[in-house]
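Chain residues, written in single-letter form:
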Amino acid sequence: MYGIILSVAKPRIRLQIGEEYNMSLLENWQKVAYNQNQSQADLQRFWQNYFLLEKGIYEQLLDDPDTEVKGTVKELAEKYKIDVMPMVGFLDGINESLVTPNPIETMEEDTVVSLKFDKEKLFKNMIDAKADWLYGLPQWEQIFDEDKRKALTKEAKNMHTIIRSEKKVGRNDPCPCGSGKKYKHCCMNKK
């Protein structure tokens, strides 16, 4: 287990004299996971370790994808035999794929959360995140047939494709301003 993620104590930040701010679990996770003061090698080890934990949880969830897993953040961490902080990271990562998103911004260790996920949305989000160690899990073969996985992969890759609603004006086309000149001699360089 990577030493830095074992701490679940809530850091306090002093805002002004006499004022303190308790960091949420999510803020604490983000502070650790995206720590700019760590060396590149330490961050790489951190994420490699986290991705192994994440993969283990997904393997278990995908073995029985229709059963809703529910409990407090702390109970789920215990269920998957991980510390609370990586569980918070997992909850942050899966939240967009859940049927009902969890209150990750405000959750505490005793907040009840659900891992009931939308299978298609989860698969597409894994592809969008380029998480081949997750969308390549063999459990997906039991959930979707090959054609469905290919179709979802295509959908996921097209999620960020922008299609122009208007035809692009060519440099030799008449200028859209109505001057009668070619676009290249009129408004092309004014943009």
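Starting from 1, residues in each chain are numbered consecutively following that chain's sequence as written. Local features in this predicted model are restricted to residues whose pLDDT is 70 or higher, and side-chain atom pairs enter the listing and the counts only when it is 80 or higher, whereas totals over whole chains, interfaces and linings include all residues. Water and hydrogen atoms play no part in the side-chain values, which are based on all heavy atoms of the structure.

Colleague: What is the right way to read the packing of helix 2 (residues 40-63) against helix 4 (residues 84-94) from this model?
Modeller: Packed helices, taken two at a time, are described by the angle their axes make and the gap between the axes. Across the interface, helix 2 lies against helix 4 with an axial gap of 10 Å and an inter-helix angle of 65 degrees. Between helix 2 and helix 4 lies a crossing of right-handed hand. In this structure, helix 2 uses Tyr50, Leu53, Glu54, Ile57, Tyr58 and Leu61 to contact helix 4, whose residues at the interface are Pro86, Met87, Gly89, Phe90 and Ile94. When residue character is reported, Ala, Val, Leu, Ile, Met, Phe, Trp, Tyr, Cys and Pro are called nonpolar, Asp, Glu, Lys and Arg charged, and the others, Gly included, polar. In terms of residue class, the contact of helix 2 with helix 4 is built from nine nonpolar, one polar and one charged. Note on geometry: axes are C-alpha line fits, over the in-contact stretch for helices, and angles between N-to-C directions span 0 to 180 degrees. Put simply, DSSP H or I for four residues or longer makes a helix, DSSP E for two residues or longer makes a strand, and each gets a number counted from the N terminus. By convention the crossing between two helices is left-handed if the near helix lies anticlockwise of the far one by an angle smaller than a right angle, and right-handed if it lies clockwise. What makes two residues a contact is simply this: any of their non-hydrogen atoms within 4.5 Å.

Colleague: Where do I start with the environment of glutamate 27 in this structure?
Modeller: For glutamate 27, the position within the fold is in helix 1 (residues 25-33). Judged by its relative accessible area of 27%, glutamate 27 is partly exposed. Between the C-alpha atom of glutamate 27 and that of threonine 106, which follows or precedes it by 79 residues, the distance is 9.4 Å. Nitrogen and oxygen atoms within 3.5 Å of one another constitute a polar contact, given that in protein one can donate a hydrogen and the other can accept it, and given that sequence-neighbouring residues count only through two side-chain atoms. A distance of 2.9 Å separates a polar atom in the side chain of glutamate 27 from the backbone nitrogen of serine 24. Only protein chains enter the accessibility calculation, which uses a 1.4 Å probe; a residue whose area is less than 20% of its type maximum is buried, one above 50% is exposed, and one in between is partly exposed.

Colleague: Help me understand the packing of aromatic side chains in this model?
Modeller: Given two aromatic rings, their pairing is described by the distance between the two centres and the angle made by the two planes. Each Phe, Tyr or Trp ring (for Trp, its six-membered ring) is paired with any other whose centre lies within 6.5 Å, and the angle between the two planes then decides the class: stacked below 30 degrees, edge-to-face above 60, tilted in between. Here the structure, examined in full by the defined rule, presents 13 aromatic pairs. Measuring from ring centre to ring centre gives 6.0 Å for tryptophan 29 and tryptophan 47, while their planes differ by 85 degrees; the resulting arrangement is edge-to-face. One end of the pair, tryptophan 29, is in helix 1; the other, tryptophan 47, is in helix 2, with 18 residues separating them in the sequence. Residue classification places tryptophan 29 among the buried residues on the basis of a relative accessible area of 2%. Seen from their ring centres, tyrosine 58 and phenylalanine 90 are 4.7 Å apart, and the 55 degrees between their planes marks the pair as tilted. Of the two residues, tyrosine 58 is situated in helix 2 and phenylalanine 90 in helix 4; the sequence distance between them amounts to 32 residues. The burial state of tyrosine 58 is the same as that of phenylalanine 90; both residues are buried. By the ring-pair criterion, three or more aromatic residues cluster together here, those being Trp29, Tyr34, Phe46, Trp47, Tyr50, Phe51 and Trp133. A cation sits over an aromatic face here: lysine 79 above tyrosine 80, 5.5 Å from the ring centre. Note on criteria: charge over ring means Lys NZ or Arg CZ within 6 Å of the ring centre, with the direction from the centre no more than 35 degrees off the ring normal.

Colleague: Can you help me understand helix 8 (residues 146-158) in this one?
Modeller: Two residues of an α-helix separated by three or four positions point the same way, owing to the 3.6 residues in each turn. Along its 13 residues, helix 8 runs 18 Å from first to last C-alpha, staying within 8% of the 18 Å computed at 1.5 Å per residue. Those residues of helix 8 that sit buried are Arg149, Leu152 and Ala156. Down the axis, helix 8 shows its buried residues gathered within 65 degrees of arc, on one side only. Turned more than 90 degrees away from the buried face of helix 8, the exposed residues are Asp147, Lys150, Lys154 and Lys157. Expected span of a helix: the number of residues minus one, times 1.5 Å. The arc refers to the directions leading from the helix axis to the C-beta atoms.

Colleague: Can you walk me through unusual backbone geometry in this structure?
Modeller: Both trends apply: most residues other than glycine have a negative phi, and most peptide bonds are in trans. Of note, the phi angle at lysine 81 is positive, near 55 degrees, even though the residue is not glycine. Notably, lysine 130 is not glycine yet its phi reads approximately 60 degrees, a positive angle. In this structure, lysine 130 sits in the loop between helix 5 (119-128) and helix 6 (132-135). Since its relative accessible area comes to 64%, lysine 130 is described here as exposed.

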